[in-house]
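Tertiary structure, described
If you want the building blocks of each chain, they are given just below.
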Amino acid sequence: MTAVRRLLHSAILLALGSAAWADDPLPDDCTQHLTVQTRDCSVDHHYTCASAPGDHFLIVYGDSGRAFYAHNNAETQWISSQSLPDGARHSTIMPPSDPVSISTLLSDGYDSYIFDQQIDAENVVRYEGFDRLTGETTEIDGETLLRTSFRYRVTLPRTGALLRVVQGQQYVSETHRVFFGGVDTYQSTEGEVSVDSTPVEFFYPGEAGFLSTTPMFGCTGMMSALQLPEDHA
C-alpha cells in the first residue's frame, strides 16, 4: 500500500469532509533524502525523521504548491495523511486487523491488508486489498524497481457501503523500501478515472532538481481529470 496513491486518496479525504490539522504535519526533525518527479503533475519529497526511526514521510507538490502529506511506518502501513493546505486528514486506527507489510510482499510476492481510518469523530472508512509482485523488473532513471499489481476497496464498515475500488500497477524499491506510483484506476458508481503517477526522474542531495517544488511532467489537464463526486458517510 503506498502513499503515492495520494491524488485519489486526497480526493476521498476532501469528499468525505475529514477533520483538519491547523499546523504543518511534518515533524521538525526531518531530513529530505529523495525528490521524485512523476507523470501526474507532481513532485514528491521523501523524508526520514529522527523522532520516528524507520518511518517514511512524504510531501507532494502539485502545480499550485503543496498538495498532500503522508506518514507510513517502516512496513509502508499508512499511519496518517492530510490534504494540504486545507488540512483534511485521515488517521489509521491502530493496530490494523491485517497490516500492510512490504517485508511480506518482498519475501512472499503477495501481501494482503485490512485497516480502518478515522475521518472525524463519528466516521470511519475501511481499506481492504492486496499488493502482488508481477515478477517483472523495470529501470527508471537508473533506479531498479519491481513491478506490482494491486487492488483495494474503500467501504463504510458501519453500513458496508462501497465507496471506491482502486486497482492498477505500481513499483516497489527494495533499496528505499517504498512504493512508487504507476497507473491507478479509480472506480465508483459515478464512473472511472485513471491516473498515471509513474516516476520519471529521481534526484538525490547535491543533484540539480533535488528540493525542487515545481512539477515537470503531465500538468496539462491533470486537475480537471480528477474532479470526483462527493461521498457521504
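Computed from a prediction, not measured in an experiment: that's the story for all the values here.

1. Details of the confidence of the model for the protein
Of the residues in the protein, 85% reach a pLDDT of 70 or more, and the chain-wide mean stands at 87. Ignoring residues within four places in sequence, the model shows residues 222–233, a span with pLDDT below 50, making 29 contacts including any to other chains.

2. Here we look at the environment of Glu75
Relative to the elements of secondary structure, Glu75 occurs in the loop between strand S5 (65–72) and strand S6 (78–83). Owing to a relative accessible area of 24%, Glu75 belongs among the partly exposed residues under this scheme. Through-space distance from the C-alpha of Glu75 to that of His56 is 9.2 Å; in sequence the pair is 19 residues apart. Apart from the residues lying within four places of it in its own chain, the contact partners of Glu75 are Val100, Ser101, Ile102, Ser103 and Arg177.

3. A short note on the pairing of strand S4 (residues 56–62)
Across the seven residues that make up S4, a large majority, seven, are buried. Neither face of S4 is exposed, since His56, Leu58, Val60 and Gly62 on one face and Phe57, Ile59 and Tyr61 on the opposite face are all buried. By the bridge criterion, five bridges tie strand S3 (residues 42–49) to S4 in an arrangement that is antiparallel. In the sheet register, His45 faces S4, and the bridge partner there is Ile59. Two elements, S4 and S5, share seven bridges in a ladder whose sense is antiparallel. The residue of S5 that forms the bridge with Ile59 is Tyr69. Hairpin connection from S4 to S5: two residues lie between these consecutive antiparallel strands.

4. Some details on the pattern of salt bridges
All chains considered together, the criterion is met by four salt bridges. For the salt bridge of Arg39 with Asp196, the shortest nitrogen-to-oxygen distance reads 2.9 Å. With Arg39 in the loop between strand S2 (30–38) and S3 and Asp196 in strand S13 (residues 191–196), this pair connects stretches of sequence that are 157 residues apart. The partly exposed category is assigned to Arg39, whose relative accessible area is 44%. By relative accessible area, Asp196 is classed as partly exposed at 25%. The closest approach of N and O atoms between Asp116 and Arg126, which form a salt bridge, is 2.6 Å. Note that Asp116 is positioned in strand S8 (residues 110–118) and Arg126 in strand S9 (residues 124–140), a separation of 10 residues in sequence.

Parameters and conventions
Residues numbered from 1 in each chain as written. Predicted model: local features only at pLDDT ≥ 70, side-chain atom pairs only at ≥ 80, totals over all residues. Heavy atoms only, no water. pLDDT = per-residue confidence, 0-100. Contact = heavy atoms within 4.5 Å. Helix = DSSP H or I, 4+ residues; strand = E, 2+ residues; numbered from the N terminus. Buried < 20%, exposed > 50% of the residue type's maximum accessible area, 1.4 Å probe, protein only. Pairing = 2+ DSSP bridges. Salt bridge = Lys/Arg side-chain N within 4 Å of Asp/Glu carboxyl O.

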